[in-house]
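As a plain string of letters, each chain reads:
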Amino acid sequence: MATTTQTDAPPPPGPAAAAAKPKARPGDRVFLGLSRGSGIALLMIMAAIAGFLSYRAFLAISKDQGNFLTTFEWNPAGDPPVFGIAVLAFGTIVSSVIAMAIAVPVAVGIALFISHYAPRKLAAPLAYIVDLLAAVPSIIYGLWGAIFLVPYLDGLNQWLDEYMGWTYIFDKAGDGPARNLFTVGILLAIMILPIITNVTREVFLQVPKMHEEAALALGATRWEVIRMSVLPFGRSGIISASMLGLGRALGETMAVAVVLSPSFLISGHLLDPGGGTFAQNIASKFNEANEFGRDALIASGLVLFVITLLVNGAARWIIARRKEYSGANA
Amino acid sequence: MKLQRKNGLRATALGALAVSGALVLTACGSDDNTGGAGSAGEKTTAASNITCDDAKGQLLAAGSTAQKNAMDLWVKNFQAACSGVEVNYQAIGSGGGITKFTQGQVAFAGSDSALKPEEVEESKKVCKTGQGINLPMVGGPVAIGYNLSGVDNLILDAPTLAKIFDTKIKKWNDPAIAKLNPGVSLPGTTIQAFHRSDESGTTQNLHKYLSEAAPAEWKHDPKSKSWEAPGGQAASGSSGVASSVKGTEGAIGYFELSYATAQKISTVKLDTGASAPVEATTENASKAIAAAKVKGTGNDLALSLDYKTQADGAYPIILVTYEIACDKGNKAETLPALKAFLNYTVSDEGQKVLSDAGYAPLPTEIAAKVREIVPTLS
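Residues numbered from 1 in each chain as written. Chains lettered and ligands numbered in written order. Predicted model: local features only at pLDDT ≥ 70, side-chain atom pairs only at ≥ 80, totals over all residues. Heavy atoms only, no water.

Draft legend 1. Up close: the UniProt feature "binding site: phosphate" (unreviewed entry) in chain B. Under the UniProt annotation, the feature "binding site: phosphate" (unreviewed entry) is placed at S64, T65, A66, S94, D112, S200, G201 and T202 of chain B. Spanning 139 residues, the named residues form one tight spatial group whose C-alpha atoms are at most 11.0 Å apart. Among the structural elements, S200 of chain B can be located in the loop between β6 (192-196) and α8 (201-213). Those residues in contact with S200 of chain B that lie beyond four places of it in its chain are E288 of chain A together with K225 of chain B. Separated by 2.8 Å, the side chain of S200 of chain B and the backbone nitrogen of T202 of chain B make a polar contact. By secondary structure assignment, the location of T202 of chain B is in helix α8. (UniProt positions renumbered as here; feature names shortened; annotations may be inferred. Helix = DSSP H or I, 4+ residues; strand = E, 2+ residues; numbered from the N terminus. Contact = heavy atoms within 4.5 Å. Polar contact = N/O pair within 3.5 Å; in protein donor to acceptor, adjacent residues only side chain to side chain.)

What follows is the structure, encoded as C-alpha cells:
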C-alpha cells in the first residue's frame, strides 16, 4: 500500500512515543494478557479438535481392510470392514469444479452489472436480492433442486447427450432422471453465486475513481474502463471471493444429499446418476452408523479438511504472487 | 458507504427472518405422513385404560426412524393418560439409538435389528446386573411401489424382484415379468430401480428377504444396511424413494407401506407360492410375522423372520422393530415409567392403533410373550 504513506500529517511527536513505551498502564497489561490468553486458548482448542479427529480417524483407518485412498466401497459395518474415499474425493472435486466454472463468470458479470452498468435505482435492490439469496438455508436449495430443478434438467441432459455426447463426459448411458453430479454442480453454482457476487461487487466498488476517470478522460469506452482498471484491480478480490464460494461448494451437505443419487462408482459420464461427495456421504451414513462407522466417517471428513486446506493455500499463494502486479499498487 | 452498511444490516435482518421462517417451516417437515394419526389418537384416548402405576418424570428413548410414527401415536396417548410422565423418543436411527443405550443415555432404544452379540456385551456395562434384551413391538410391511402408467396390478416374485433390483432385468416388457402377468400389456420402458442412499433397516430387511427367497439371484451381503447391488438409483430416506418413484415413469422402489398409501403409489403383489399373490397390507404382514421363530434366549425375544413363508395371505417383506431395554438393572428412577409405557405399547389397545398408521400389529403369540416379559423388567 504505497498510497497510504503519502500523508500530509506530521510524524507522531517523538517525546510522546518515547514516553508511551516504558510506561505500561495496568489496562494495557490486562488487555495484553487477555488477548494473548484468548489467542493461546484458540490454538489449544483447535489442537484438541484436530487431535481428537486424527485419533478417531486413526482408529478407523488402522482397521480398514481396503485401501483408504483407492477402495471403491464404503462398508465399515461389514466383516471385514472395507472403506475408501476415492469416489467421494472424485465427486467432491468434480461437482465443485462444475460449480466454479458456472458460478464465477456469472457472478463477475452480475457484480459488474450492479457496480458499473445498472442505474442506481436498480442496483441497490438487486444487490439486496443477491444478499438475500445467501441467507436461504441449503436444505431449501436441496428441496427446490430435487422437486423443481431435476425434472427441468432432464431435457437439458437429453440435449447434451444428443449433441455433446462425443465429448465422453456428456455421454449418457441410461435414461435415469437428472440426479447426477452435473445437476449437483449446477445447484452448487446457484448456491455459491451470492457470496461470490457480493464480495466481487464490494471489490469493484473499491476501484479508485481516479483510475476510471483517467481512463474515461483518455477516451476509453465503458467496457475498456472495466477491462483496463476495474478487472485488474479486482483480480485478487475475485480470486478470494471464488475461494470463499469454493469452500462452500466443497462442504455442501444437505442440498447434495437430497439431489444426488449416490453410488460408489467413479464414472466420467457426468450425466449418469452416481458418485458422491464427502459431506453427502457423512450426512447419509451417520445416523445408522455404529461407533466404528462414525470413526470412518470422521476419517473421510479429515480428508475433506485437507483438500480444503490445500485449495485455500493455493489460492493464497496465487493472490500473494499477483499482489505486486495488481491494480491495488498502481 | 453509510448507505451500504445500512443496507447490509437490513439484509441481515431480513436474512435472519428468512432463516427463522425456514426453520419454522422445516420443523413440521418430518416424515410423519400418517394422515389419520390425529383421529386414531382421539379414538383410543376416549376409551383409555392405560395403567400408569407410579410412573413419573422423563422417559428418554432414541432409535429407529421406522417406528417413529407409531411412537408418536403411543407417546401422545400415553401422556394424555399419565400426566406425570414425559416420554421423549428421538428418531435418530437404530445405530444411534443403540449407541445411546449402551452409553446409558436413554432408558430404551428402538431398533430395526436385534442387538449383535458384541452389543449385548457392551450393554452389560449399563445394565450392571443384567443385559440388553430385544422386545419386538412394531411390525410393518415393506411395500414395493412402482410407477408404470396403464399397469395397476403388477405381480412379481422374489427371483424377478432380485433381478430387477440387481439391474439384470432392464425393461418392463421383459419375458420374466410378462410371464408373471399374463394378459397385462407391459410397456417397453426402462426400469428405474430406486434404493435408499442412507443406511437403513428397511434396506437390510429387503436384503434378507431377497437373499432368502431368491438365493440364486441375489448374491449380495444380506446383513448390510446400505445398498449392495451396483446400478440403480438412490434417494435419501423412505420419503425420498417414495417421491422419486412417484415422479419417475418406469420407476420401482421400496418403502414402508404408509408412504405408498400417503402418496397413492401402486404396490406390487408378491407371488410367494401361496394360492394367490399377496398384497402388501398390515394384516398380511402380521400373518407373515406370525411365522417367525424366537431366536433369543431367556427374556430376549429377538425374532428370526421366515421370509420364505408360503402361507396364504402372508406378505413376506416385513420389518420388525424392537424396543431394547435392560432385563435387570434399569435405572430406578425411570423403571416405573418404562414398564408402564411398554405395558401400554404391547397391550391390545396399544397394538390396535398401529394399523391406522400403516404398521402391522404383533401376532397374538408374540405379543403374549412380550406381555409376560415387560412386568418382569427390574
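Draft legend 2. Inspection of unusual backbone geometry at higher detail. In this structure, Y168 of chain A takes a positive phi of about 70° despite not being glycine. By the element assignment, Y168 of chain A lies in the loop between α5 (138-164) and α6 (181-205). Although it is not a glycine, K128 of chain B adopts a positive phi angle of roughly 55°. By secondary structure assignment, the location of K128 of chain B is in the loop between α5 (117-127) and β4 (132-147). Since its relative accessible area comes to 69%, K128 of chain B is described here as exposed. (Buried < 20%, exposed > 50% of the residue type's maximum accessible area, 1.4 Å probe, protein only.)

Draft legend 3. Up close: the packing of aromatic side chains. On inspection of all chains with the given rule, the structure shows 15 aromatic pairs over all chains. Here W227 of chain B and Y254 of chain B contribute two aromatic rings whose centre-to-centre distance is 5.7 Å and whose plane-to-plane angle is 25°, an arrangement assigned as stacked. Taken together, the residues W227 of chain B in the loop between α8 and β7 (233-235) and Y254 of chain B in strand β8 (residues 251-256) connect sequence positions 27 residues apart. An identical accessibility class is assigned to W227 of chain B and Y254 of chain B; each is buried. By way of ring pairs, the aromatic residues F68, W74, F83, F264 and F292 of chain A are connected into one cluster. Over the aromatic face of W317 of chain A sits the side chain of R321 of chain A, whose NZ or CZ is 5.0 Å from the ring centroid. (Phe/Tyr/Trp six-rings, centres within 6.5 Å; stacked < 30°, edge-to-face > 60°. Lys NZ or Arg CZ within 6 Å of the ring centre and 35° of its normal.)

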